[in-house]
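# Remarks on the overall topology
In case you want the letters, here they are:
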Protein chains: 8
Amino acid sequence: MSKIAIIMGSESDLEVMRPAAEVLKQFGIPYEMTIVSAHRTPDRMAQFAKSAVEKGFSVIIAGAGGAAHLPGMVASYSTLPVIGVPVKSSNSIDGWDSVLSILQMPGGVPVATVALNGAKNAGILAAQIIATSDQTLRKKLTDYKRDLESQVMDMVSRLA
Amino acid sequence: MSKIAIIMGSESDLEVMRPAAEVLKQFGIPYEMTIVSAHRTPDRMAQFAKSAVEKGFSVIIAGAGGAAHLPGMVASYSTLPVIGVPVKSSNSIDGWDSVLSILQMPGGVPVATVALNGAKNAGILAAQIIATSDQTLRKKLTDYKRDLESQVMDMVSRLA
Amino acid sequence: MSKIAIIMGSESDLEVMRPAAEVLKQFGIPYEMTIVSAHRTPDRMAQFAKSAVEKGFSVIIAGAGGAAHLPGMVASYSTLPVIGVPVKSSNSIDGWDSVLSILQMPGGVPVATVALNGAKNAGILAAQIIATSDQTLRKKLTDYKRDLESQVMDMVSRLA
Amino acid sequence: MSKIAIIMGSESDLEVMRPAAEVLKQFGIPYEMTIVSAHRTPDRMAQFAKSAVEKGFSVIIAGAGGAAHLPGMVASYSTLPVIGVPVKSSNSIDGWDSVLSILQMPGGVPVATVALNGAKNAGILAAQIIATSDQTLRKKLTDYKRDLESQVMDMVSRLA
Amino acid sequence: MSKIAIIMGSESDLEVMRPAAEVLKQFGIPYEMTIVSAHRTPDRMAQFAKSAVEKGFSVIIAGAGGAAHLPGMVASYSTLPVIGVPVKSSNSIDGWDSVLSILQMPGGVPVATVALNGAKNAGILAAQIIATSDQTLRKKLTDYKRDLESQVMDMVSRLA
Amino acid sequence: MSKIAIIMGSESDLEVMRPAAEVLKQFGIPYEMTIVSAHRTPDRMAQFAKSAVEKGFSVIIAGAGGAAHLPGMVASYSTLPVIGVPVKSSNSIDGWDSVLSILQMPGGVPVATVALNGAKNAGILAAQIIATSDQTLRKKLTDYKRDLESQVMDMVSRLA
Amino acid sequence: MSKIAIIMGSESDLEVMRPAAEVLKQFGIPYEMTIVSAHRTPDRMAQFAKSAVEKGFSVIIAGAGGAAHLPGMVASYSTLPVIGVPVKSSNSIDGWDSVLSILQMPGGVPVATVALNGAKNAGILAAQIIATSDQTLRKKLTDYKRDLESQVMDMVSRLA
Amino acid sequence: MSKIAIIMGSESDLEVMRPAAEVLKQFGIPYEMTIVSAHRTPDRMAQFAKSAVEKGFSVIIAGAGGAAHLPGMVASYSTLPVIGVPVKSSNSIDGWDSVLSILQMPGGVPVATVALNGAKNAGILAAQIIATSDQTLRKKLTDYKRDLESQVMDMVSRLA
């Protein structure tokens with residue numbers, strides 16, 4: 001089955017990025033999570049991105065903060081869909097730097113950007129991508145949507 | 001083969017969104033392009049989003065400007081990957097409204113956001129998604145990357 | 001008498017939205033408060049908005065944060081005045097996303113937006129709307145203004 | 001029948017504000033349009049706002065740009081619903097000043113803010129407010145919504 | 001001798017505004033400090049501003065937060081120099097609303113704006129204004145500058 | 001009589017700054033206008049600021065764009081009131097840099113900041129400052145306010 | 001003598017970046033200017049950055065717009081000082097994306113960022129860096145400063 | 001050997017600026033650290049900047065917050081490379097004022113700006129500048145890069 005890579009620039013991003021892994025586990029999608037720094041291990045990053053297809057990855061989720069170059073650079077090396085998670089790290093200007101340096105990629109090299117600290121949605125988006133060729137997973141996503149609805153209906157009951 | 005939907009809120013978004021269609025045509029990926037307004041045709045939007053899977057769509061590209069609700073609402077109705085294109089429309093505050101109202105989706109309902117007016121990248125991202133289960137398309141994406149590189153090398157020669 | 005709907009996307013918005021209810025209670029205006037999520041219960045939202053007139057609602061107050069689509073989508077389904085309350089939720093970029101995705105509605109579908117976390121003012125605005133055809137309520141609003149003034153005059157005395 | 005006031009700080013705002021008048025005319029709602037400057041005619045403004053109820057106005061639409069104090073000050077003098085239209089005037093910083101100085105009113109004194117340069121929506125919102133006690137106007141608003149939908153469907157046909 | 005007015009919209013601004021009073025006391029300039037709310041006591045505000053000259057005030061310092069209309073409105077009623085202090089109140093969007101709604105006054109009605117929460121500088125600026133016709137006070141301002149310098153030189157020594 | 005200095009960093013600011021001179025001429029207040037660059041002629045700037053009192057200046061109006069240091073540096077050298085005019089120069093980021101680098105002065109060294117490109121208001125503010133000790137000028141300012149009002153009333157007539 | 005590299009992501013940045021070359025020519029500093037795209041030629045970029053020292057470059061000036069990764073990535077591969085020039089390209093959100101994605105580098109990997117479109121200053125800064133070990137160049141920089149001053153004094157004369 | 005100056009406007013910036021000193025110590029580069037305030041000790045600042053070359057400094061690192069004029073003014077007085085560190089001080093608007101008033105210098109007078117609170121990178125950049133004529137230091141910078149890489153690889157191990 002398809003495998004997802006979850007990478008981030010530093011251990012300090014781990015808490016923000018973990019929900020991506022949890023969602024993938026919930027959907028039964030295999031993933032590997034590791035640290036890849038664009039600025040401190042650029043060769044490792046290039047190597048990682050170039051070999052991602054042959055290693056069996058289908059989607060790369062990359063989280064980074066501040067001048068967040070990891071998602072865009074991985075996208076420049078790979079033809080896989082890259083999902084970028086802007087991280088509101090301690091050295092960030094309210095998250096604006098993280099968001100803009102991931103989102104505003106030039107024509108030719110897209111990054112699928114999710115909300116600030118939106119790792120959970122990165123995981124779901126990865127699942128949606130895999131589900132374009134996996135009916136069983138599509139079914140799980142439909143169930144997941146139903147669960148979201150149920151959670152709201154529970155709130156409705158509690159409030160009433 | 002997989003089919004892509006390209007939707008937008010108004011004819012006025014057509015010029016910004018057309019590069020998505022052109023890129024898909026270039027990759028030989030079938031697509032349908034139409035107008036779906038979240039605010040003026042909400043029922044059409046719901047109907048469109050709910051029936052997108054059974055109509056054979058694999059990915060939905062949705063462009064919108066200002067308080068841009070189309071991508072997020074389509075994502076709330078469908079389990080397909082939704083790619084959002086923030087449009088810098090005439091009623092936009094420098095594009096910030098379009099970007100933030102597409103990007104900042106809550107946990108559970110992702111939108112894969114690309115750059116402001118980044119319809120071309122939306123098309124490429126859709127192709128990357130399809131290519132997760134289509135080796136021929138993956139090959140085309142690799143060629144596309146090589147073309148990007150060649151264009152730069154031509155610039156290098158011209159400047160030298 | 002006219003009835004006001006107070007809706008919000010999640011239980012987590014309840015603390016921010018409660019002042020709307022308190023103000024309405026203070027003015028003796030009946031209201032109903034419930035959870036309606038644009039992104040997790042879109043059908044419930046459509047159903048709610050479409051039936052709001054026949055259920056006897058005169059005004060809808062809708063609070064949401066982040067990519068805040070609830071007020072605008074309710075306004076797309078209903079001809080009632082919709083008052084939008086941007087909520088500075090935990091996944092918000094300093095509230096800018098909430099404000100812009102509620103305020104910047106396209107021509108044809110207005111949302112009456114109040115200040116960030118301004119639920120109290122949403123309640124007062126709803127009362128002002130009802131008072132356009134209710135002399136007794138207008139009188140109460142005049143008294144309320146006088147109370148505001150008195151509170152300031154008390155501060156003046158304390159400071160002097 | 002209810003009468004709407006449309007006021008603005010300067011002749012230079014007239015082009016931006018006129019759509020409010022056009023929409024009201026379209027709905028058959030009487031209105032009066034005049035210049036009232038918070039900063040250059042503060043007494044006229046106070047007088048206007050204080051006498052608005054007895055002059056038969058039901059709603060006040062106020063447009064202003066830059067440090068836009070007109071809507072909020074009128075709201076401080078009157079219990080009528082005040083709709084604020086942020087105008088992107090020549091002395092504005094991209095419209096942010098107009099938006100924030102109208103929107104961010106303190107608790108107790110709401111202004112119903114619409115989008116930057118959103119005078120058309122101010123007119124529609126005024127109509128929605130009047131329609132809370134006017135079934136005929138409610139019917140017109142329903143027709144208006146249908147027209148919006150038809151315009152989109154015409155675009156759909158043209159594009160197909 | 002000249003007298004300074006220090007006004008603010010609410011008791012909650014008192015802590016931020018007090019340094020203006022302290023600086024004036026330090027310079028031996030008489031002042032009166034009171035609460036004047038543009039939005040809750042507009043008549044009091046108009047009355048205050050119109051009578052400020054005859055009451056013997058030379059400069060008005062006005063602090064306000066959010067949609068901060070007090071400084072600009074006082075300036076619209078009076079020919080005295082008005083110093084505006086943007087207050088980062090709890091209902092403010094990071095202070096931007098306070099700053100822009102005080103600073104961006106239209107041509108004809110200036111407000112001398114100081115930094116966010118910059119009440120101390122408002123006091124010094126008021127002293128500088130009075131000193132344009134008061135040699136003794138000018139001398140004190142020169143001494144004050146020398147003290148600022150000494151404080152830095154003390155830091156230099158401590159660090160060395 | 002008191003004399004006003006109008007300084008700016010470059011000839012390119014002249015068009016934006018001229019209204020300050022025009023207003024002063026209108027009020028009959030003597031002024032001198034010259035170029036003083038904080039970054040290209042720092043010694044001239046220091047010399048200018050230090051000698052401003054003895055040269056007979058009462059107020060300094062300083063305009064600058066981008067990283068606009070002129071007003072703040074002049075204020076650091078002089079005890080005169082310094083009025084800062086943020087100029088939206090060609091190298092400015094939408095004027096935000098000019099505004100923030102003039103406005104956000106530290107405690108102890110105020111700059112009286114006016115609106116972006118607000119040189120006219122800088123001139124009026126200078127007049128208001130002089131008028132704190134000049135009854136004739138105060139009278140002219142009162143007349144000026146009346147003229148502002150008349151201009152609006154003319155607009156009212158034209159629109160009616 | 002030391003040699004400077006001027007690189008940029010695309011021919012479209014050439015007009016903005018040329019002043020860097022002109023300034024270096026003026027100072028008699030050898031330079032090479034070429035196109036290196038982080039996103040379209042990542043291997044070329046890595047190769048360029050890794051070999052820059054042995055090719056005899058002392059400083060790298062890198063210009064880029066939007067999600068501007070070129071300066072930061074070159075800095076991650078090289079120990080040379082990297083000067084980043086944020087370019088306000090057509091796909092930029094008012095330049096904010098370019099500025100933040102160049103400036104906000106994480107600890108360990110600095111980029112010396114200059115103003116938006118500030119290529120001229122990038123050239124001067126490169127000269128200042130070379131001059132740390134080149135007395136002749138230091139002398140030229142002193143002369144350059146004197147020229148800047150003279151240009152202002154010419155303006156002073158013209159205006160007088 | 002070359003000597004680096006580290007200056008800042010106030011003792012309160014010391015904690016933010018200290019990492020610059022620590023990095024220089026780590027590289028064995030001599031430095032002097034002191035307080036120089038642009039606004040409270042402008043003469044000391046001018047004197048400091050003018051004499052920096054003859055005192056043997058090669059690079060000046062200057063940190064400041066709010067309307068941060070110190071780096072730019074030092075650069076106006078000296079031909080040395082000036083590295084500006086925007087400090088997010090207590091009187092800053094989320095750091096935007098500090099960043100923009102350091103970064104946006106006019107043509108002719110560059111400041112090498114690093115990230116908000118990025119003193120550590122200022123130190124490294126200073127080392128990179130010295131290393132343009134110091135092979136031993138270049139070697140240390142290469143080792144430093146290798147250490148950065150090792151730290152990431154340690155994280156990789158820990159996470160695996």
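We now turn to the structure provided with this report. The structure displayed is predicted, hence computed values, not measured ones. (Residues numbered from 1 in each chain as written. Chains lettered and ligands numbered in written order. Predicted model: local features only at pLDDT ≥ 70, side-chain atom pairs only at ≥ 80, totals over all residues. Heavy atoms only, no water.)

## Details of the interface of chain D and chain B
In many reports, interface size means the accessible area that the parts give up when they come together. Residue-level contacts link 13 residues of chain D with 13 residues of chain B. Between chain D and chain B lies a buried interface of about 1300 Å² when both sides are counted; carbon and sulfur atoms form 68% of it. Three residues, V152(D), M155(D) and L159(D), lead the burial of chain D against chain B; their summed loss comes to 41% of the area buried on that side. Inspection of the chain D/chain B interface yields 1 salt bridge. Notably, a salt bridge pairs E11(B) with R158(D), separated by 2.6 Å at the nearest N-O pair. For the pair chain D and chain B, the number of links is 1 residue pair in polar contact (both at pLDDT 80 or more). Put simply, the parts of the chain that give the side of chain D that touches chain B at least two residues each are helix 4 (96–103) and helix 6 (135–159) of chain D. Ranked by the residues each element gives to the side of chain D that touches chain B, the list is headed by helix 6 of chain D, at 9 residues. Residue composition of the side of chain D that touches chain B, by class: 9 nonpolar, 1 polar and 3 charged. (Contact = heavy atoms within 4.5 Å. Buried area = accessible area lost by both parts, 1.4 Å probe. Salt bridge = Lys/Arg side-chain N within 4 Å of Asp/Glu carboxyl O. Polar contact = N/O pair within 3.5 Å; in protein donor to acceptor, adjacent residues only side chain to side chain. Helix = DSSP H or I, 4+ residues; strand = E, 2+ residues; numbered from the N terminus. Nonpolar A, V, L, I, M, F, W, Y, C, P; charged D, E, K, R; others polar.)

## Quick notes on the arrangement of the chains
No interface is formed between chain A and chain F, the nearest pair of C-alpha atoms being 16 Å apart. These two, chain B and chain H, are apart from each other, with no contact and a minimum C-alpha gap of 17 Å.

## A look at helix 6 (residues 135–159) of chain A
Helix length check: helix 6 of chain A (25 residues) gives 37 Å between terminal C-alpha atoms against 36 Å at 1.5 Å per residue, within 8%. Looking only at helix 6 of chain A, the buried set comprises L137(A), R138(A), L141(A), Y144(A), K145(A), L148(A), V152(A), M155(A) and V156(A). Contacts made by the buried residues of helix 6 of chain A are with helix 1 (14–26) and helix 5 (119–130) of chain A, helix 3 (70–77) of chain B together with strand 2 (31–35) and helix 2 (42–50) of chain C. (Expected span 1.5 Å × (residues − 1). Buried < 20%, exposed > 50% of the residue type's maximum accessible area, 1.4 Å probe, protein only.)

## Some points on the interface of chain A and chain B
Taken residue by residue, the interface counts 40 residues in chain A and 40 residues in chain B. Both faces combined, the contact of chain A with chain B buries some 3200 Å², and carbon together with sulfur accounts for 62% of it. Sorting the residues of chain A by area buried against chain B places T79(A), P110(A) and K145(A) first, and these three jointly supply 19% of that buried surface. Counting the contacts that link chain A with chain B gives 0 salt bridges. Here chain A is connected to chain B by 16 residue pairs in polar contact (both at pLDDT 80 or more).

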